[in-house]
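Topology and contacts: notes
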Amino acid sequence: MIPEATPLQQGHFRLTAPSGFGDGLNHYGHSMAWFRGKLFVGTTRGAMQMNKTNMPRPDLKPWPVDCPNDIYEVDRHAEIWCYDPATRGWTRVYRAPEVSGRNGRMVPRYIGYRGMAVFQGASDDQACLYVSTWAPAATDPPEILRSEDGQHFAPAARPPFSDFVRSFRTLQPYRGRIHTSPTSSRNIHDPEQRAQDSVGSDATIYATHDILSQDWRPANEAGFGSPANLTIFEMAEFAGRLYAATVNPQGFELWRTEDDGVGEPPYRWKRVLHHGAGRGPYNEVGASLCVFNGALYVGTGVLNGGFHRNLRIGPAAAEVLRVWPDDSWELLVGHSRVTPDGIRYPLSGLSPGFDNLFQGYVWRMCVHDGWLYVGTFCWANMLPYLPVHVWPEDVMVLIRRWGMDRLAYQHGGSELWCTRDGIRWQRAVRNGFDNPYNWGIRNMMSTPHGLFVATANPFGPTVAQRREGEWRYLPNPRGGTEVWLGNAVAGAA
């Protein structure tokens, strides 16, 4: 065990699952849970290929990965993998089945697993592993998978979402109930519009004490009464209350349950932060929540990797905020500003993105051995594919000075930062574990065996590379999600 005062550094990490568990189409380690002494990871497949079919999409030339015009020609059967510390090996325990789709073809029932939770409902004899799913457009709405042993999975329930919903997010236990919210939904007023990955059909939290009973009830008024709150993006339990962060183009909002407002749903709620904590649209989403040392840490971002093209928000880098039980808050990493709550300046001295304009999200946070670990999303490795010729001349001067390849490969890749007090920060991992294709830290889990870190890496199984003046799609051995294990003896420090 590393002494409590010593943080993990890059040399303490060992790669346990390379290249998407051997399949570069396993792009995201999208969900993670510790269950019965083993680690479970749910993948989302073919994310970059799917993005090419969505409109509007980034004007990338060439597209970073090779993909057919028909997304259903891509194998997107989402998978669940299990790591056994006794054998130090991974086993695939579940693969999405094929079903007859509305397009007349056989299609995967699930293309991703976005949330996992260990929860014992009223009808459960013991705590079970529950998994929220992502369903492709040609199938029925998503379901929740249930497993008693981590080996056998079966649909348990379908929350009361409309056919417009394609996925739902976090599974958050709180006071004997499980809570979730819809996302990846089509516009109910424009059914022909494609689903947006991080936007739901309504900003409602649904709760149940028994997933098997399908007795789901709304826990809040839609959008907390504001149509500008598009989605409930993240939830956490803190100081005996349930907290929820939204997507809001005017700036995210953070809400919590009232002390006396948690009986039968819907609960009574109080707003803690609004207008992106005074930063406005550049804090469009409360992307991550984590309890540490008696406070709730909030990581922010702008959708679509720091640049929400639909609404022309950004590019902008992310911030880290700290909220106390009395609803007061501090700015730890970010832009100084005057807010309705007074002047705020970054107590760490670090600007947004930990002084890196490419860090578009603070995507995940986790406490391990007395340290808070914060993982980012970085879009720098997309620079070679972006239409930089339309960018302002002063920006182009800098790009020509630094060099596109240097920016993409030396500054590309997610980062992992850590702190013991929220004020002093250290960078534990840079450049995506020396793999710029790891553009995001998507999940973390503290376990008795160390800190597990799963990445988002959609640059597989091939990636566009320039060779002899031409773009070619070449096999990418570093494409696909990676899962790393950090402890005192895991790596070759």
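Residues numbered from 1 in each chain as written. Predicted model: local features only at pLDDT ≥ 70, side-chain atom pairs only at ≥ 80, totals over all residues. Heavy atoms only, no water.

1. Looking at the sheet that holds strand S14 (residues 177-180)
Strand order in the open sheet formed by 4 strands is S13-S14-S16-S17, with antiparallel pairing between adjacent strands. Since the sheet does not close on itself, it has two edges, and those belong to strand S13 (172-174) and strand S17 (217-218), each with one partner. With 3 bridges connecting them, S14 and strand S16 (residues 206-208) associate as antiparallel partners. When the bridges of S16 are listed, Thr-180 appears paired with Tyr-206. (Pairing = 2+ DSSP bridges. Helix = DSSP H or I, 4+ residues; strand = E, 2+ residues; numbered from the N terminus.)

2. Focus: the packing of aromatic side chains
One pass over the full model with this rule turns up 27 aromatic pairs. Ring centres of Phe-292 and Tyr-297 lie 5.7 Å apart, and the angle between their planes is 65°; on these two criteria the pair is classed as edge-to-face. The pair formed by Phe-292 and Tyr-297 is uniform in burial state, with each residue classed as buried. Summarising the aromatic geometry, the rings of Tyr-437 and Phe-459 are spaced 5.4 Å apart at their centres and angled 45° between planes, so their arrangement reads as tilted. With Tyr-437 in the loop between helix H7 (431-434) and strand S32 (440-447) and Phe-459 in the loop between strand S33 (450-456) and strand S34 (462-467), this residue pair connects regions lying 22 residues apart in the sequence. Phe-459 sits in the buried class, given a relative accessible area of 0%. An aromatic cluster is defined as three or more aromatic residues linked by ring pairs; in this entry it consists of Tyr-28, Tyr-361, Trp-363, Phe-377, Tyr-437, Trp-439 and Phe-459. (Phe/Tyr/Trp six-rings, centres within 6.5 Å; stacked < 30°, edge-to-face > 60°. Buried < 20%, exposed > 50% of the residue type's maximum accessible area, 1.4 Å probe, protein only.)

3. Some details on the pattern of salt bridges
Per the stated rule, a full pass over the model turns up 26 salt bridges. With its nearest N and O atoms 3.0 Å apart, the salt bridge here joins Glu-79 to Arg-92. Within this pair, whereas Glu-79 is found in strand S4 (residues 79-84), its partner Arg-92 is found in strand S5 (residues 89-95), the two being separated by 13 residues in sequence. For Glu-79, a relative accessible area of 4% translates into the label buried. Arg-217 is the partner of Glu-264 in a salt bridge, and the nearest nitrogen-oxygen pair spans 3.0 Å. (Salt bridge = Lys/Arg side-chain N within 4 Å of Asp/Glu carboxyl O.)

4. Details of the side chain of Glu-284
Following the sequence through the fold, Glu-284 ends up in the loop between strand S21 (269-273) and strand S22 (285-292). Contact partners of Glu-284, with chain neighbours within four places excluded, come to Thr-246, Val-247, Asn-248, Pro-249, Gly-251, Phe-252, Gly-301, Val-302, Leu-303, His-308, Leu-311 and Ile-313. (Contact = heavy atoms within 4.5 Å.)

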